[in-house]
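# Structural overview
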Amino acid sequence: MNPLSVLPTLPRQARSTVALLVLGCCCIGAAFAAPQSIRSLPLQPDGEARWRLPAGEYRGQFRIEESLMLRCEAGAVINAEGEGNALTIAAPNVTVQGCTLINWGSNLTKLNAAVFIQREASHAKVQANRMQGPASGIWVDGTSNVSLLDNVIEGELRLRSQDRGNGIHLYAVHGARVIGNRVRHARDGIYIDTSNGNSLEGNQLEDLRYGIHYMFSNDNRVIGNLTRRTRTGYALMQSRKLTVIGNRSEQDQNYGILMNYITYSTLRDNLVTEVRDGGAGEGMISGSEGKALFIYNSLFNRIEHNRFERSALGIHLTAGSEDNLISDNAFINNRQQVKYVASRRQEWSVAGRGNYWSDYLGWDRNNDGLGEVAYEPNDNVDRLLWRYPQVRLLMNSPGIEVLRWAQRAFPIIKSPGVQDSYPLMLPPAIAPHPQENPS
């Protein structure tokens, strides 16, 4: 029942008194719902502009509106009680270290997060915190030079993946350092939108939709990260001048590395292994086929010294993906090494050095480490196998060998495709990954 509905039955003076009481109660309720200043907590001084939060559970949502360092003791927990942001940083030069944040709001439209870094909060540092909740772990909104270091972020398994927030979300951010974080069971591990000049290094991202997801972001560095059991390890989209070096994708589904409208970028020393076919029947993208590397409408990139192995499909190029330099890579024991359907022939070697192919059957007579016969992985026979997989039963039959011989003898019947004129006889070694034996 609405308390104000009884007002017409009361004397005039009584009506005024009741109305004031109701209004006062409403204001008190709104005040309790609003975020509290971090100063409302029992902080203890720990040096100049440095504060320590003792062990204990602190309920509510809190804001930091002055430059300071907040260090939580072991056992200090901020419980947002299912509402809003657990902690909002609204001042420059703030450090938050060693805190546990739980149970923040689940409203993705309102950008709920464990830690929300506002535009005025440049040079914020969020380090070695633990977060578990339904929406985003750390949301950085339009600021610069933030450092997100060594945080552990866990999503909410009871929610569908599309209803969870991202582990780390950067929007219109410049100069961010995102290093050494661990994210599990969120939607995307690290999502970057319209953000230039940032560095992602040494992050471990598991059991997610996308491990790292780029949209409209340029001049970024992606170095030494690990994705495992995601639906796509590295989704690089609508961006240019990305430096993607020394990353690892293990047991991801559908795609290890996906390049969609990527230009003037470098992929080097990455290892993609055991990419599985998710299949359209599980709600995945039709045609995903477990691709270690998928290149869609991407041009003028350098793809060198990577290893793609033990996946359903090694590399798939389509939709005008031309003028890329592809050399010194190793394609090892993929069920299908290459898929390329286009009207233009592509040469996959640079300066007399091609790639290693585990199914290459050529020879090296002069012992220079290069095959004497070009490797052509998608001739008419391969196209026949793509359209009619059951023909694989005849792979070693005389009929298939006659077809391949006819293509070599009469090049006029060849279809445009990929050729590696200098295939490598041994796979190039790649540098050990910094998370070779993650705990």
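Each chain carries its own residue numbering, running from 1 in the direction its sequence is written. Where totals are concerned, whole chains, interfaces and linings use all residues; where local detail is concerned, this predicted model gives features only for residues with pLDDT of at least 70, and gives and counts side-chain atom pairs only at 80 or more. Here the side-chain values reflect all heavy atoms present in the structure, with hydrogen atoms and water set aside.

Look at N93: it is not a glycine, yet its phi comes out positive at around 55°. Looking at where N93 falls in the secondary structure, it is placed in the loop between β8 (87–89) and β9 (95–97). Categorising residues by exposure relies on relative accessible area from a 1.4 Å probe, with only protein chains included: less than 20% of the type maximum marks a residue as buried, more than 50% marks it as exposed, and the intermediate range marks it as partly exposed. By relative accessible area, N93 is classed as partly exposed at 47%. Phi at N103 is positive, roughly 60°, even though this residue is not glycine. Under the DSSP-based scheme used, a helix requires at least four consecutive residues in state H or I and a strand at least two consecutive residues in state E, with every element numbered from the N terminus. Counting through the fold element by element, N103 comes out in the loop between β10 (100–102) and β11 (113–117). Judged by its relative accessible area of 34%, N103 is partly exposed.

Next up on the list: the nonpolar core. Buried Ala, Val, Leu, Ile, Met, Phe, Trp, Tyr and Cys residues form a nonpolar core when they are joined through side-chain atoms within 4.5 Å. Ranked by size, the top nonpolar core spans 77 residues in total, and within it I117 and I138 carry the most contacts. What makes two residues a contact is simply this: any of their non-hydrogen atoms within 4.5 Å. When residues no more than four places from it in sequence are discounted, the contact partners of I117 are I89, A124, V126, I138, W139, V140, D141, T143, V146 and L148.

Okay, the environment of A80 next. Along the chain, A80 turns up in the loop between β7 (76–79) and β8. With relative accessibility at 0%, the residue A80 sits in the buried group. Spatially, the C-alpha atoms of A80 and F62 are 8.5 Å apart, while their sequence positions differ by 18 residues. Sequence-distant contacts of A80, that is, excluding residues within four places in its chain, are made with G60, Q61, A86, I102, N103 and W104.

Okay, the packing of aromatic side chains next. Pairing of aromatic rings covers Phe, Tyr and Trp, the last through its six-membered ring, and needs centres within 6.5 Å; plane angles under 30 degrees mean stacked, over 60 mean edge-to-face, and all others mean tilted. Counted under the stated rule, the structure contains 10 aromatic pairs. With centroids separated by 4.5 Å and ring planes inclined at 15°, the aromatic side chains of W357 and Y375 adopt a geometry described as stacked. Residue W357 is located in strand β40 (residues 356–357), and its partner Y375 is located in the loop between β40 and α2 (380–387); the two are separated by 18 residues in the primary sequence. For the pair W357 and Y375, a shared accessibility class is recorded, and that class is buried. Joined through ring pairs, the aromatic side chains of F308, F331, W348, W357, Y360 and Y375 make up one cluster. Sitting over the ring of Y210, R209 keeps its end group 4.6 Å from the ring centre. Over the face of the ring belonging to F294 we find K291, whose NZ or CZ atom lies 4.3 Å from the ring centre. A ring has a charge above it when a Lys NZ or an Arg CZ is no more than 6 Å from the ring centre and no more than 35 degrees off the ring normal.

Values of pLDDT, which run from 0 to 100, indicate the predictor's confidence residue by residue. Looking at the protein, pLDDT values average 86 and 79% of them are 70 or higher. With pLDDT under 50 throughout, residues 17–32 is counted as low confidence; its partners more than four residues away or in other chains account for 6 contacts. Taken as a whole, residues 280–284 scores under 50 in pLDDT and shows 7 contacts with residues more than four places along the chain or in a different chain.

So, about the pairing of strand β38 (residues 336–340). Burial of β38 is extensive: 5 of the 5 residues sit out of reach of the surface. By the bridge criterion, 4 bridges tie strand β35 (residues 313–318) to β38 in an arrangement that is parallel. Bridged to H316 within β38 is K339. Should DSSP find at least two bridges between two strands, the strands are regarded as paired.

The next thing to look at is empty space enclosed by the protein. The distinction between a cavity and a pocket rests on a 1 Å grid over the protein atoms alone: a 1.4 Å probe fits inside a cavity but cannot get out, while a pocket stays open yet meets protein on both sides within 12 Å along at least five of seven lines, and a residue with an atom within 4 Å of a point counts as lining. Grid points are joined across faces, edges and corners, and a volume is the space filled by probe spheres set on the points. Under the defined criterion, the tally for this structure stands at 1 cavity of 30 Å³ or more. In this structure, the largest cavity occupies an estimated 40 Å³ of space. Around the largest cavity, the lining comprises 14 residues; the ones closest to its centre are G133, A135, G155, G165 and A186. Mapped by element, the contributors of at least two residues to the lining of the largest cavity are β14 (136–141) and β16 (152–154). Polar here means any residue other than Ala, Val, Leu, Ile, Met, Phe, Trp, Tyr, Cys and Pro, which are nonpolar, and Asp, Glu, Lys and Arg, which are charged; Gly is therefore polar. Considering only residue class, the lining of the largest cavity consists of 4 nonpolar, 8 polar and 2 charged.

Further remarks concern the pattern of salt bridges. A pairing counts as a salt bridge when a side-chain nitrogen of Lys or Arg comes within 4 Å of a carboxyl oxygen of Asp or Glu. According to the stated counting rule, one finds 23 salt bridges in the structure shown. E81 is the partner of R59 in a salt bridge, and the nearest nitrogen-oxygen pair spans 3.3 Å. Placement of R59 in strand β4 (residues 56–59) and of E81 in the loop between β7 and β8 is noted, with a sequence separation of 22 residues between them. Judged by its relative accessible area of 48%, R59 falls in the partly exposed class. Look at E81 and you get partly exposed, because its relative accessible area is 42%. A single network of salt bridges, built from pairs that share partners, joins R184, E206, D207, R228, R229, R248 and E250.

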